[in-house]
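# Coordinate analysis (summary)
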Amino acid sequence: MDLIKQRQEEIIEEFAMLDGDMEMTLDYIMELGAELAELPDEARIEDNIVKGCQSKVWLTAELDNDRVQFKADSNTAITKGLVSLLVRTLNQSAPQDVVNAEIYFPQQIGMDRFIGTQRSNGFAAMIKQMKMYALALTAKQES
Amino acid sequence: MSASTTTTIDIAKIRSEFPVLDQEVNGKPLIYFDNAASSQTVKSVVDALVQFYEKDHANIHRGIHTLAERSTKGFEATRERVHKFINSAEVDEIIFTKGTTESINLVAQSWGSKFLSEGDEILISQLEHHSNIVPWQLAAERTGAIIKVIPINDKGEILMDEYKKLLSSKTKLVAVNYVSNSLGTINPVKEIIELAMAQRATTMIDAAQAAPHVKIDVQNLNCDFLALSSHKMYGPTGVGVLYGRRDLLESMPPYQGGGEMIKDVSFNGTTFNDIPYKFEAGTPNIGEVIAFKYAMDFIENIGHENIQAYENELLEYANIKLSKIQGFTPIGTAENKASVISFLINNVHPYDLGQLLDVKGIAVRTGHHCTQPLMDFLEIDGTVRASFAVYNTKEEIDVFCESLQKIVERFN
C-alpha cells in the first residue's frame, strides 16, 4: 500500500473509534492540531495564506530529500486540526504522488457531518493548495 | 418555564407557539440564540402560509375570480396592519419589498438618482450593516455624492457631538440603523432625525433590528424613510417593508419596471401607477406578505413593552453570568441596548466557539456580522453574538454559560 493511502486508512480507523460522537471528534481534531509541528513566524505571511478559507490558514511546502515537507498553521483550533490531517496524509511523499493523490478519508470519516459547508469549501481549498505546491516542486525537480 | 422571571408574560405558552424550538440538535435540546440573524417563525404565520398555499393561492390585483379576490384582500390587509404597526400617516406609504436590504436599495437608487448630485453629503454611522453602506456607496459613485461616517465611542455609541459637526447644508441624507445588529446599541434616532431635519436633510432609518424589540412610530420619529424585515419579527422570509413619506415617494422615479407598477403601457410611452404600486413591480411574495400580518399580531398581543422588559431581563441576566467566565470580553457596552451580546473569549477563536457550541445544540452567530467597517474600528476580525428573542429563557442562558465555561476550560 502506498504511503498516502496507508495514512488515510490510519485516520479512518482512528475516527471510527470515536463512534460518530461529535464532541469527541472535534476534541480529537483539536488535539491533533495542537500536535502539529510549529510554523516559523516568518512563514506567517499573506503569501502563504490559503485562499478560500474563512479562518486563516498558512501553508508552506519545501523539498527535503526529494520528498515534500508541508508545514501549516491556523488561527482557529478546529481548522488547525483539519489541516493537520492533510499534512499527516501528504507529508514525506514524492511531489508527483501528492499531485496524483486521491484524498478519500474525509468522506470515509463523514467529515461533512461535523464541519459545515463553509469549512468543507475551505478544506477543498487546502487540498488544492497542497497539490499546487507539489506541482511547483515537481517542476523544480525536473529543472 | 421561567419561574424566576419577574415580567408577566407566559413563556411556556409563547414557546408552545414555536414548534421548531421543541427539537434536539446534535443530541441536545436546541437553544436558539441567533435571533438577530433571523428569528423563528410563530405557528400562526406557518398556519397562514399553509392556508394560502392550500386554499387561497392566486395572483393579486386585477383578478376577477374568487381566489384572486381572497389573495388581494389578504395582501392589502397586511399593508393595513403595517400601517398601524408603525403608525404611518397613510396606508399608501407602505411598500412591500423582499427585505430591508431591498428597501434601502430602492431608496438609494430611486431617491438617490433624483435628489443626489455631485458634492452632496450622505452621513452614515460607523455601526452600519453592509446593507446600509454599500447601496449608498453605489449611489455616491453614480452621482458624485460623498459619504461621511459618523464616529462612535469604544462602547459602540454614536458620538452625537461629532454628528452635529458633520451636519451642514451639504448634508442631503442621514442613514442610520435604529439598533445595531452587531452590538445591540439602540441609537437615539429621534434626536438624530431632528438634527438632520434642521439641515433639511432626508432621513432613512434601518429598523431591521429594532422592529422585533422596540415600538416604532414613524410619525413620532418624523423620519422620511424606514425599512424593516419580516423574518426578524417572527414572520416569513422574503418580505420587507419600506415606509416612505407620501410626497417623497410620489416625487421619486420607479425603482423597477414591469407589471403592477404601470397605469398604461404603449410603445410610445408608459404612465406609472400611484404609490405604493409604482414601487411594487412584478408578482410579490404574496403568501408570505399575507402571513406576515400574523407575526405583527403576535408581537402586539404580547406588547412591545412586555417584550422589551422581558428581553432586558434576559440581557441583564446573561451579562452577569457571562462576566464570570474567564477571559470574557463584551464587545459593545452601550447604555441603551437591545438583547444582543457580542463577545470574545481570550485564546478561543469565535469560529471554534461557534462550532463547539453547536455541538451542544446552541446556535449563535460568529464572524463580522456584515459590519466589516465596525470590526475594523474595533480592531477585531469578528465576535461571537448571542441574541435573544421573547421565547428564550434564563434556563437556556444557564446552559449556554455552563457550555461556554466547559469550552473555555478545555482551551486553558
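Here, every reference points to the structure presented above.
First, a word on scope: everything that follows refers to the structure included in this document.

## Regarding the packing of helix H2 (residues 22-34) of chain A against helix H12 (residues 350-359) of chain B
Relative to each other, H2 of chain A and H12 of chain B sit at 155°, their axes nearing to 9 Å. Here H2 of chain A lies roughly antiparallel to H12 of chain B, going by the angle between them. Both H2 of chain A and H12 of chain B take part in a crossing whose hand is left-handed. Residue-level inspection shows Met 22, Glu 23, Leu 26 and Met 30 of chain A of H2 of chain A in contact with H12 of chain B, the latter providing Gln 355, Leu 356 and Val 359 of chain B. The class makeup of the residues in the contact of H2 of chain A with H12 of chain B is five nonpolar, one polar and one charged.

## Digging into the sheet that holds strand S6 (residues 146-150) of chain B
All names here are of chain B. Ordered in space as S4-S10-S9-S8-S7-S5-S6, the seven strands form an open sheet in which the pairing is mixed. Every interior strand has two partners, whereas the edge strands, strand S4 (94-97) and S6, have only one. For this sheet the average axis-to-axis angle between neighbouring strands, irrespective of direction, equals 20°. With five bridges connecting them, strand S5 (residues 121-125) and S6 associate as parallel partners.

## Here's the deal with the nonpolar core
Residues and elements named next belong to chain B. Of all hydrophobic cores here, the largest spans 146 residues; its most connected members are Tyr 178, Ile 216, Leu 226 and Phe 400. When residues of this core are assigned to their parent elements, the largest contribution, 10 residues, is made by helix H10 (residues 286-302). If you count residues domain by domain, this core takes at least three from each of domain 1 (11-41 + 303-411) and domain 2 (46-300). With residues up to four places along the chain from it excluded, the contact list for Phe 400 reads Phe 33, Leu 322, Phe 343, Leu 357, Ile 362, Val 364 and Ala 386.

## Remarks on the interface of chain B and chain A
Tallying the contact residues gives 12 residues for chain B and 16 residues for chain A. Both faces considered, chain B and chain A share a buried interface measuring about 1200 Å² in area, 50% of it formed by carbon and sulfur atoms. Three residues stand out in chain B for area buried against chain A, namely Tyr 351, Gln 355 and Arg 410 of chain B, and they jointly supply 44% of the buried area on that side. If you look at where chain B meets chain A, you find three salt bridges. Across the pair Asp 27 of chain A and Arg 410 of chain B runs a salt bridge whose closest N-O atoms are separated by 2.5 Å. The set of elements that each furnish at least two residues to the side of chain B that touches chain A consists of H12 and helix H14 (394-411) of chain B.

## Quick word on unusual backbone geometry
Omega for the peptide link from Ile 275 of chain B to Pro 276 of chain B comes to 5°, which places this bond in the cis form. With respect to the helices, strands and loops of the structure, Pro 276 of chain B is situated in the loop between strand S12 (269-272) and H10. A positive phi angle, close to 65°, is found at Asp 66 of chain A, a residue other than glycine. Within the secondary structure layout, Asp 66 of chain A lies in the loop between strand S1 (57-64) and strand S2 (67-74). Looking at Asp 66 of chain A, the relative accessible area reads 48%, which means it is partly exposed. Phi angles above zero are rare outside glycine, and Tyr 234 of chain B is one such case at about 70°. Positionally, Tyr 234 of chain B belongs in the loop between strand S9 (225-229) and strand S10 (240-244). Assessed through its relative accessible area of 1%, Tyr 234 of chain B is described here as buried.

## Observations regarding the pattern of salt bridges
Residues and elements named next belong to chain B. Taken as a whole and judged by the stated rule, the model has 35 salt bridges over all chains. Note that Lys 43 and Asp 47 form a salt bridge whose closest N and O atoms lie 3.2 Å from each other. Placement of the pair is Lys 43 and Asp 47 together in helix H2 (residues 43-56), with a separation of four residues, close to one helical turn. You can call Lys 43 partly exposed: its relative accessible area is 37%. Here Asp 47 falls in the partly exposed class, since its relative accessible area comes to 38%. The partner of Lys 84 in a salt bridge is Glu 80, and the shortest N-O contact between them spans 3.7 Å. In this pair, Lys 84 and Glu 80 both sit in helix H3 (residues 66-85), four residues apart, roughly one turn of the helix. Since its relative accessible area comes to 35%, Glu 80 is described here as partly exposed.

Rules used throughout
Residues numbered from 1 in each chain as written. Chains lettered and ligands numbered in written order. Predicted model: local features only at pLDDT ≥ 70, side-chain atom pairs only at ≥ 80, totals over all residues. Heavy atoms only, no water. Axes fitted to C-alpha atoms, helices over the stretch in contact; angles between N-to-C directions. Helix = DSSP H or I, 4+ residues; strand = E, 2+ residues; numbered from the N terminus. Parallel < 35°, antiparallel > 145°, perpendicular 65-115°, else oblique. Left-handed = near helix turned anticlockwise from the far one by under 90°. Contact = heavy atoms within 4.5 Å. Nonpolar A, V, L, I, M, F, W, Y, C, P; charged D, E, K, R; others polar. Pairing = 2+ DSSP bridges. Core = buried A, V, L, I, M, F, W, Y, C linked by side-chain atoms within 4.5 Å. Buried < 20%, exposed > 50% of the residue type's maximum accessible area, 1.4 Å probe, protein only. Domains from an automatic or database assignment. Buried area = accessible area lost by both parts, 1.4 Å probe. Salt bridge = Lys/Arg side-chain N within 4 Å of Asp/Glu carboxyl O.

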